[in-house]
Structure formats: structure tokens, C-alpha cells
Amino acid sequence: MSFQEKLCLELKKYEDVIIYGYADIGMCVLDYIIDIETSIKIANYSGRVKYFATTERNWQSMRLERKGIKIKSIYELREYADKALVIIATQERHHKNIEKTLDELGFYNRFTILHENYCALRECVENHKLIVANNIQQYHLNHQVKLERLRRKVSKGKKVKVFFMTHDAAVFGYSSIYRAMEKQELFEPYIYVVSRRDVGYRDFYADVKKDIAFFESKGYRVISGYDEWGTPKDLHGLNPDILFYDIPKLHGPAANFYNRLDQLNWEYLTCYVPYSLLMVDSFYYHYHTKCIRETWKFFLDTSDSFKRVLADGEFSGFNTVLSGYPKLDEYFYEDGRLPEKLSNGKPIVIYAPHHSLFASNNFATFDLYKDMMMDLVKKHPEINFVLKPHPLLPFQIKAREKEGSISFGQKDYFDYLDEWGSQPNGICITQGDYIKLFKESDCMITDCGSFIGEYLPSLNPCIYIFNPRKRKQDEVYTRLAGKILDTYYVTRTEDELEHAIREIIIGGKDSKKEKRRQLLSKEFPNIGNAGKYICSYLKQLIEE
């Protein structure tokens, strides 16, 4: 059995992995685990590698993490002693002292990287990186060919056909780019509606038609990704010049005509604009998948994200553009109306539960607090309460019900929505355009990751719920998300949540508003104009 096979076998045994050493050897081990695409799934919040460790008791450095994995003193990680695998990945002259320290702290599950092992891993990693780099280079040479072809088309007076591919109206974030392009003679924009669930999901086409109706009601030009029988269309027949997408793992292989991102990146000039602000610290998922590196242009949301790509991304973020986040432009767009039920002058409080019940990043607390929230609606008719659940919540409830890990099911969930909406001061909103709602609201209660950043421009107070069942939840967020949470009111227990509701929602207290205002102006570039910036950037590239 090779050393690499032994490493993979050890990794499979443990849910928590600590890499002791964060310099060349430690980084090589991390790159091997992630980049070589072993059978181990590592993605920071959903994977096994939790920390880089150092022997320093009071670790203080300008570098607190590498590629999304935080660097901690091994003395701070004692709670992992009996269950984590420690991979010793330093120079061999340090091994004896490290093993002594691990013995003292009770870390007995170990795997040591010797010099010859490091050389073998290094060779694998470098060979893999070379293959990937050559592959990505081919994609970007092909992008240049497509760009030159588009320039010749434009020189003949033809328009640039732009498709905004969206998988769910509830998370649609291209509005300001679409509007900016609609005003330009150069562009011909369309909303291209697809589904992440179109293979093996019985009711997917009903969802697609619902999204199409929503976008058409808003005045967008819409093209369905499916024919009348629900069969995916061949995108070549629609012939877009530029294709926007909003999630780095939108599609997987299913059939010859099924759109995969590696195929789309090869065939079209692709632009990636994440469907949500990057608040959860998963470096590889958010910044570094192969598809992100293959894409023509990656438009980044914040200065913090841009710095991370420059520091840890391969090729120093060669295809990234710091544009700002176009979804937040909606705070400065005056069109759109709130539902009639909210137009009564009462304060508006949003309850926005996440979907991750015992899954993924495990933020969700809906099962814990749904009854408390319903009681709040009934006890305070002087306040409008909006239920804005994550669109995947009913699917997670169905899965957890099947497993038997929760005591209510999907039918109970829909009954809950009906009961909430039947209250004179209650309403459920499950489709898009929620930024207008955020802008007009007075407070939000949520456990969603992306809403940490998306609610900030409202400058209103937010009660953010930590899941009491999740350990070290503070550490899963990006540095920017941590700064934003410092301006919110974070609760970790039911008592704390009840106290925050009394003080902020009922009592109207908010001592942190100025902190939010200062943070917004410092960290969010082009706010209100990101869509125009992206449109102008592409126009300039095409007309060069």
C-alpha cells in the first residue's frame, strides 16, 4: 500500500483533522487532500480539516488563516484531543518536541509526514497543479478567441446577446446588471431560467414555470431552459454571447444536453456573480473551484473577498474583478412595492430561517424557535411579521423527517406557513426581490449566513441566532462577516433570544447603528452602482 493510500485511509476514519504545521509541508498536505480530488470531501465548513496547529501558546500573527483554514495554538484545541487526527507536517527535526507536546495534551491519533512522504506528496501536487494550470490556460486562451469573435460581430453592428442564468427566483441577484445593459444599445439581455433539481426531481418544471411567471411579471425578457415537456434545451440553439451564472456547482453530469459548468465555460464567455454574499468561510467553494478558475470573469463582492483571492488563490486572482455586489444595488432602486398587507404603517420585522437542519454548515434553528416566533406574531398585532424562509428549507425538512431527526414534517411546515400568513399581521414571502423588503423593514431575526451581509445596507438592527447545538460557530464566518456580526445582536440561547426581542423589537433599543454605517462605507465598494460598473467594464472590453 502506498503512502498516499495510507493517508486517505486514515482521513476516512476521522471527522476532525488538524494539520500540525502551516508552512510548506502543511500546505502541501492540504493541497493534496483538496486539489487531488480524493474520495475525502474537504470544504472547510463541511469537511474534515478544521485547523492548522502551531506549538506557540499565545499565537499572534498577521496571518490567522491559510486558504480558509484557521491557524491555532495546539493548546487551544484540547477539546479535539480524543477524537481528531493530527497530521504532523513539519520538518523532521521538530517531530520529537511536537510528539512530546501531543502526548502531554492527550492527542494520540497521529499521522506523521516524513521527508520522503513530503517529496512524494509534493510531486503529486505539483503534477496535478501543472495539469490543472494547463487546462485552465486552455480555457482562457479559448475565452480570448471567443472575445475576438464577439468583437468582429459587434463591428458589424450586431448586438451582444447576454443570458443571466438563474436557478431560483428567490436568490436572483442580477437585476441592476440587467437594467444597466437594457439601457445600452450594445447589449440584448435575457433571463435564462433553469433548475438545479431538473434531473430526478418530480416537480421541477412546475418550479421553473413559477419562476418564469415571476420574472415576466417584473418586465424581464425571459427564456426557459426547457421545452414544453420539461426537456432541457440545447443552449447552442439559443446562441448567447455572454453567460452569467451565480453558483459554482450549478450542474453536474446527467445527459449529453445537460448544462455543466465546465462545458459552459468552454463554450461561452462566462461571468460568475455569486448568488449570495460570501460570509461563510469556505475558501475552496467560494473562490477556488475549478469552474471558478475556468470562468472568463469572476466579479467579486467586497474588498475582503478580493484580498483573499489575491493572497491564496492560484494565479493571484487573474480573472477576478472587484466590482461590488450588484444585489445590494436594489437598496438604491426606487421601483417595486411591498405587499398590500404591509402597507399599514406598522413596524416590519422579518424572520428568515436557514435551511441547514443538521446538514451542511448546520446553522438552522427553525426546529428550536418556530413556536416562539409564532407566539411573537400572535402576541404583537401592532407589528407586521414577515416569514422569509430559505427556499431549500422544505426540502431539508423532508429529508430530516425521513431520517427521523426532527419531530415535524413537510406538511407541518406548509401548515405553519399557512398559519403565519393567516394572522392579520403575518405574511410569508418565498420568492425574489427581498432587498426592497429589507430596506423597508425595521429589524430582522435570522440564522442565514448570506443575510449577515445583505441586510447591512438597511442599517437596521439584526438579531442573529447562533445554533446552540453547533460548536465554535464564531469560527466558520469570514473576517468581514465577523465584523458585521459585531454590529448586530448575536444570541446563543433561548433566553438571550427572548431578551434581544424584548430590548430591540419591543423596546426599540439599538446602540450599534453608527457602527453599521461606518462598516458599510468602509467595506462595500460601488454600493448602489455595482451593476453599472459590471456593464461598463464588459462594454469597454468588447469595444477595445
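In this text the structure is predicted, and so the values were computed from the model without any measurement.

(A) Region of interest: the side chain of Lys 146. Turning to its location among the elements, Lys 146 is positioned in helix H4 (residues 115-155). In this structure Lys 146 is buried but unpaired, with Glu 267 as the nearest side chain of opposite charge at 7.3 Å. A distance of 3.1 Å separates a polar atom in the side chain of Lys 146 from the backbone oxygen of Asn 265. Excluding anything up to four places from it in sequence, Lys 146 contacts Asn 265, Trp 266, Glu 267, Tyr 268 and Leu 269.

(B) Just the packing of helix H1 (residues 3-13) against H4, in detail. Viewed as axis vectors pointing N to C, H1 and H4 meet at an angle of 90°, and their least axial separation amounts to 10 Å. Relative to H4, the element H1 is oriented roughly perpendicular. Every residue of H4 that contacts H1 at Phe 3, Gln 4 and Leu 7 is listed here: Asn 117, Ala 120, Leu 121 and Cys 124. Broken down by class, the residue content of the contact of H1 with H4 amounts to 5 nonpolar, 2 polar and no charged.

(C) Structural context of unusual backbone geometry. Residues other than glycine seldom take positive phi values, yet Leu 459 does so here, at roughly 65°. Its relative accessible area of 14% is what places Leu 459 among the buried residues. Positive phi values are uncommon outside glycine, yet Asn 526 reaches one of about 55°. Here Asn 526 lies in the loop between helix H19 (513-523) and helix H20 (530-543).

(D) How the structure looks around the sheet that holds strand S3 (residues 65-66). As summarised here, the arrangement of the 6 strands in space is S3-S4-S2-S1-S5-S6, forming an open sheet in which the pairing is mixed. The open sheet has two edge strands with one neighbour each: S3 and strand S6 (110-112). Where strand S2 (residues 49-54) and strand S4 (residues 69-73) come together, 4 bridges link them in parallel fashion. Following the sheet pairing, Phe 52 is matched in S4 by Ile 71. Against the sheet, H1 makes contact with strand S1 (17-20), strand S5 (85-88) and S6, and its axis sits at roughly 160° relative to S6, the strand it touches most.

Rules of the game
- Residues numbered from 1 in each chain as written.
- Predicted model: local features only at pLDDT ≥ 70, side-chain atom pairs only at ≥ 80, totals over all residues.
- Heavy atoms only, no water.
- Helix = DSSP H or I, 4+ residues; strand = E, 2+ residues; numbered from the N terminus.
- Buried < 20%, exposed > 50% of the residue type's maximum accessible area, 1.4 Å probe, protein only.
- Lys, Arg positive; Asp, Glu negative; His and termini not counted.
- Salt bridge = Lys/Arg side-chain N within 4 Å of Asp/Glu carboxyl O.
- Polar contact = N/O pair within 3.5 Å; in protein donor to acceptor, adjacent residues only side chain to side chain.
- Contact = heavy atoms within 4.5 Å.
- Axes fitted to C-alpha atoms, helices over the stretch in contact; angles between N-to-C directions.
- Parallel < 35°, antiparallel > 145°, perpendicular 65-115°, else oblique.
- Nonpolar A, V, L, I, M, F, W, Y, C, P; charged D, E, K, R; others polar.
- Pairing = 2+ DSSP bridges.

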